[in-house]
Amino acid sequence: MASDEGLPSQFGIGLGDLRDLMEIRGIEAQEKVAEVGGTQEICRRLASSPINGLTGSKADLELRRQVYGANVIPPKPPKTFLMLMWEAIQDVTLIILQVAALVSLILWLVTKYSSGDDHDEEDDEEHGWIDSVAILVSVVVVVLVTAFNDYTKERQFRGLQSRIEGEHNFCVIRGGEVRQIPVSEIVVGDICQIKYGDLLPADGILLQSNDLKIDESSLTGESDHVKKSENTDPMVLSGTHVMEGSGKIVVTAVGINSQSGIIFALLGAAAEETEKEKPKKNKVEPVKPETPRVMKRDEEAGMRPVISNSHQTAVRDGRPPPIPEEAPIPKEKVEDKGHEKSVLQAKLTKLAIQIGYAGTAIAVLTVVIMFVRFSVLTYVIDGKEWHIKDAQKFVTFIITGITVLVVAVPEGLPLAVTLSLAYSVKKMMKDNNLVRHLDACETMGNATAICSDKTGTLTTNRMTVVQSYVCGSNRKTTPNYGDLPPHVADVLVHAIAVNCAYTSRVLPPDNPGELPKQVGNKTECALLGFIRDMGKDFGQIRDRIPEESFTRVYTFNSVRKSMSTVIPRQGGGYRLFTKGASEMILKKCAYVYGKDGKIEKFPRESQDRLVSDIIEPMACDGLRTIAVAYKDFVPHKAEENEVLSEGDPNWDDEDNIVKDLTCVCIVGIEDPVRPEVPDAIKKCQRAGITVRMVTGDNVNTARSIAQKCGIVKPGDEYLILEGKEFNQRIRDSNGEVQQHLIDKVWPKLRVLARSSPTDKYTLVKGIIDSKVNENREVVAVTGDGTNDGPALKKADVGFAMGIAGTDVAKEASDIILTDDNFSSIVKAVLWGRNVYDSIAKFLQFQLTVNVVAVIVAFIGACAVSSSPLKAVQMLWVNLIMDTLASLALATEMPTPDLLLRKPYGRTKPLISRTMMKNILGQAIYQLVVIFSLLFIGDKLLDIDNGTTITEPSTHMTMIFNTFVMMTLFNEINARKIHGQRNVFKGIFTNPIFYVIWILTAGLQIVIVQCGGLAFSTYPLRLEEWMWCLVFGVGALIWGQVVTTVPTRTLPKLLSWGRGHPEQYTDVVPLGEEGYDADAEKRRSAGQILWIRGLTRLQTQVIGGELQERLIPVPYSKSSTDQAIRVVNAFRQGLDTRYGERSNPSIAAVLQKQASLSKRLSQTSSIEYADNYPYEVSAPEFERLSSRSHTETAV
């Protein structure tokens, strides 16, 4: 294999050669590696050592990045500020306002220069342009504010994304030491250790493997796990998941040169071409039949698009791959949690619909009345003829009507939602909650059930062996090596040192006096610590017996609940070491070491006696019990507990290999309950949330921990079940899970022990699908293992463990607990409820403003032929002040009181009776004050009547100023939504609120005193300002009166947004990403008109921009912003939206990648966590076997 030209002298293999090598699979790949000279030769050419790895020097690493590339996929450049401004200006209401203002300006110019001396007759003719220009300036300000918010949001979430990517570390060997480094620092030539649950960050070739199985569906679309080994298929690829086993690889390709990187780069180019060709979409030729796409009819038939490819991939397990075909997958089986709207989003959708109808009706009515009134007065009563300046009047009426619509639609609401969620996410990071999907934050506030793991979540995950049973003796302290018979002590030490993953280690503490550091699996660390306490060094044994010498490894998975390792035996033959859950291992034992280390037979009676006398008392003390055993295969005369084996045994026959073992030891491992957990669980129960423990541990251990945590209490009616009994109760005679049977179990179930991932998934699905209660249960689940993925996906909110969790679990989750602590979940509940309340506060404030402004504009138009609040003034109130108010009210800190109430539930109205009471009460007060000022204010305050003149007047300025003052003081009232009297409580804990309040008041003073013709204001005297302030402070006093009115006496009809939100979610399209052309055809023209008019509500609240730009926060290195775009582009190429205009460039990419792509599944993209069809059948589920720490018995 020739090296590339210009290659530095120390490297003997070039980038192109490595890329060619990595495109081959299976036996062919193994043969190609052998041709090159084997893995040792590849390592030599890459100037790397299979044992010691790279030296790690900066110069060497930098040179490798220059020659072979860095392990990053460059993100797509962010949208520029100008692009964001262009997007913001697309809002239909803003466009109409701009057009109307321009028309008004043109008509003014025409009137001014074409009507002779008429323009001198009226003073306002000189200044007729000001209204139009002021509206245009207001629109520019709104666009700038919106674009700035979007720009800030994008920067913030790119920063968050970078932080998450930076926290994804991987194990490499450098300078002979195992190190954890960020995946972006991995270079070609690195020696990486891979294990179950890892998301592979680069391409590589296996140097050594143990029972390795990989999920390559992200690249090939094959759902079966692929067995990998040095002798059959040594190639491992980036973006794939290790589902079982472990191994060691030499990295051969990184970043855009890796196989997934090549796809991303090609698809990115294709996506850009697609964008360029969009204007020509009508001219695009129909795609030829061979282009892999799914036609519209397939979608309607419930098919899921699957890309097929005719090129044969690697032979798997000796069988050829299945013939590619477009397999139909029933729609109901494909769950897409990410595109379901959350409870809040659904309720906001419903509210937007209702406001849209009301606002449109009032706006149209206002315009009609003003048209009719002007026409009757001018042409009928006064008998005047049509004049060009009348057209300007009509345009002014239209502008007023549009302004009413703008005021009616809560424009500040999307910003309030975004700010509240973004602010909460930022604060939650400090509370050890790394939020990957923004809507999970709000959903958590409605949680009614939490299914939690035990190990590491409820407990400290700092495990130590505190009890042991060896040679017939039960010991409460760790025995010394010399206290045990020599042959027993030797077997015990070797059994633990060799049969624990070599990635698990106990290291000396950083500082004297501290506890030793545990690295890797905590249960194995406890066993290794047990050896150290006996006075032996497990490191020396591992140096003597490296992993490369292992004959066979049966890695831990949720079915085995044990781990076994086979090594060559001195003198010939083999020795098998096994460890695992004590009850499981004892059943496979035929012998046991008795007193003085003598071999004794171990019949069933003795096993039962050992369980009742030793194991159950340990479990009742909350200890996890692990048994250690071994078995010898000898080629010569066999002893009593040995097996004669002249040749190699059939290692694939695991059942016969791992049986008739000799039990060496049983240990009891303590994992203390976290001190803060009992209090956190008490808070959950007080808040109406049921906590259930789902664990793989022994039922007695689980019961003991549940009692210590407070999950179960004496006197309560509850169920504690093992997985086996749970399945017997919920399945019918045919073995099918029945919902009515689950409904009999889950309400009282508090602990599920010895559970498999399937049981966890079944429980979560059963609770969510249950209709026992009026409100659907909202379920949160914690998980750390690869097999917890389905349960995490099915749950409303999935929590993955940041420390003990596998990459697979993290990618399937919504929130990552960076400290693996249950109390952090309680903080998530607190913040979730705070988000809901913050948005409710803003709604209470904004709707009061909207109701008053709309009614004033409407009645003003009817009574005095023009609105007392000018268009520019209403735009200031609505678009500027409400933007500031949304920032002020959305950033309130949560209070402990939030955990003293029950969850709101899915059917609770968004606007409660208390809130509606406050909205209507304040609206009545403000309307009374404004109309009093409008009709009799000139007499009361001894000022000139301003209703009959068009110039700015003191009268109209006072109405505007009083309205703003009342709104400002009502903003303080809006801080409380549950009828609390002290509206000032905690006001100084939120500096954002009082700074914005003072800023808004300051701006209002400037506008009134200096606004002049632009804002239609006349400077006020001190006395007039005092009157405005009195009316403003009156809103606070009136608020106390409104609070006195008992809420229970009000009819339930006053609440808004009641009922199941799902009923209202299918009538609004989800912006660009979820746009459904057929749905529009089904809607009436009226619905289409106003729905399109709520553009920003569509895109930001309901799920377009907000979901596309903010909600998905990737966990993995490969899920960069580029990945979002390219994978979306890839899917769109198949989607029905692109069914009639598929881009040939994407087809070309697919053909280029035919050897890899049967379909690009969700794994390596941001949407992985939103689209994976996780509702799998139980048999398919069992194939997803891997090491789940919660069920780890080793």
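Just above sits the structure.
Residues numbered from 1 in each chain as written. Predicted model: local features only at pLDDT ≥ 70, side-chain atom pairs only at ≥ 80, totals over all residues. Heavy atoms only, no water.

1. A few points about helix H16 (residues 522-534)
Helix length check: H16, at 13 residues, gives a terminal C-alpha distance of 18 Å against a target of 18 Å (1.5 Å per residue), a fit within 8%. Burial analysis of H16 places 11 of its 13 residues in the buried class, which makes it a mostly covered element. Residues of H16 that are buried: Lys522, Thr523, Glu524, Cys525, Ala526, Leu527, Leu528, Gly529, Phe530, Ile531 and Met534. By the N-cap criterion, in which a side-chain oxygen at the helix start approaches the backbone nitrogen of a residue two or three places on, H16 is capped by Asn521, the distance to Thr523 being 2.9 Å. (Helix = DSSP H or I, 4+ residues; strand = E, 2+ residues; numbered from the N terminus. Expected span 1.5 Å × (residues − 1). Buried < 20%, exposed > 50% of the residue type's maximum accessible area, 1.4 Å probe, protein only. Polar contact = N/O pair within 3.5 Å; in protein donor to acceptor, adjacent residues only side chain to side chain.)

2. Considerations on the nonpolar core
Counting 64 residues, the largest nonpolar core has Met444, Ile711, Phe799 and Phe822 as its most contacted members. For this core, the leading source of residues is helix H28 (residues 822-864), giving 13 residues. Sequence-distant contacts of Phe799, defined by excluding residues within four places in its chain, comprise Asn433, Met444, Ala780, Val781, Thr782, Gly783, Leu792, Ser813, Ile815, Leu817, Ile825 and Ala828. Counting 57 residues, the second-largest nonpolar core is a separate cluster that includes Val854, Leu869, Met966 and Trp1025. (Core = buried A, V, L, I, M, F, W, Y, C linked by side-chain atoms within 4.5 Å. Contact = heavy atoms within 4.5 Å.)

3. Some thoughts on the packing of helix H30 (residues 913-940) against helix H34 (residues 1022-1044)
The N-to-C vectors of H30 and H34 enclose an angle of 145 degrees; their axes lie 10 Å apart at closest approach. For the pair H30 and H34, the crossing hand works out as right-handed. Along its contact with H30, which presents Lys917, Asn918, Gly921, Gln922, Tyr925, Val929 and Leu933, the element H34 presents Val1030, Phe1031, Gly1034, Ala1035, Trp1038, Gly1039, Val1042 and Thr1043. (Axes fitted to C-alpha atoms, helices over the stretch in contact; angles between N-to-C directions. Left-handed = near helix turned anticlockwise from the far one by under 90°.)

4. A look at the environment of Ile615
Inspection of the secondary structure puts Ile615 in helix H19 (residues 604-620). Sequence separation between Ile615 and Ala627 is 12 residues, and the spatial gap between their C-alpha atoms is 9.8 Å.

5. Things to note about the sheet that holds strand S26 (residues 797-801)
With mixed pairing, 8 strands are arranged side by side in an open sheet as S8-S27-S26-S25-S9-S22-S24-S23. The open sheet terminates on both sides in strands that have one partner only, identified here as strand S8 (433-435) and strand S23 (719-722). The average angle at which neighbouring strand axes cross in this sheet is 20 degrees, direction not considered. Judged from the 4 bridges that link them, strand S25 (residues 779-783) and S26 form a sheet pairing that is parallel. By the bridge assignment, Ala780 is partnered in S26 with Val797. Against the sheet, helix H23 (residues 723-730) engages S23 and strand S24 (749-753), with an angle of about 105 degrees to S23. (Pairing = 2+ DSSP bridges.)

6. A look at helix H15 (residues 486-498)
In this model, H15 (13 residues) spans 18 Å end to end at C-alpha, consistent with the 18 Å of a helix rising 1.5 Å per residue. Buried residues of H15: Val488, Ala489, Val491, Leu492, Val493, His494, Ala495, Ile496, Ala497 and Val498, and no others.

7. Quick look at the pairing of strand S17 (residues 589-593)
The buried count for S17 comes to 4 of 5 residues, which makes it a mostly enclosed element. The pairing of S17 with strand S21 (residues 661-670) spans 3 bridges and is classified as parallel. Residue pairing in the sheet places Cys589 in a bridge with Leu661 of S21. Sheet topology note: the S17/strand S18 (residues 599-601) ladder contains 3 bridges and is antiparallel.

8. A few points about unusual backbone geometry
Look at Asp942: it is not a glycine, yet its phi comes out positive at around 55 degrees. Within the secondary structure, Asp942 sits in the loop between H30 and helix H31 (954-973). For Ser1016, which is not a glycine, the phi torsion comes out positive at approximately 55 degrees. Structurally, Ser1016 can be placed in the loop between helix H33 (1012-1015) and H34.

9. What to know about the pairing of strand S4 (residues 203-215)
Among the 13 residues of S4, 12 are classified as buried, and the element is accordingly described as predominantly covered. Pairing between S4 and strand S7 (residues 241-253): 10 bridges, direction antiparallel. Along S7, the bridge assignment pairs Ile214 with Val242. With 2 bridges connecting them, S4 and strand S6 (residues 235-236) associate as antiparallel partners. Pairing of Gly204 across the sheet is with Val236, part of S6. Where S4 and strand S5 (residues 226-228) come together, 3 bridges link them in antiparallel fashion. In the strand pairing of S5, Ile214 is matched with Val226.

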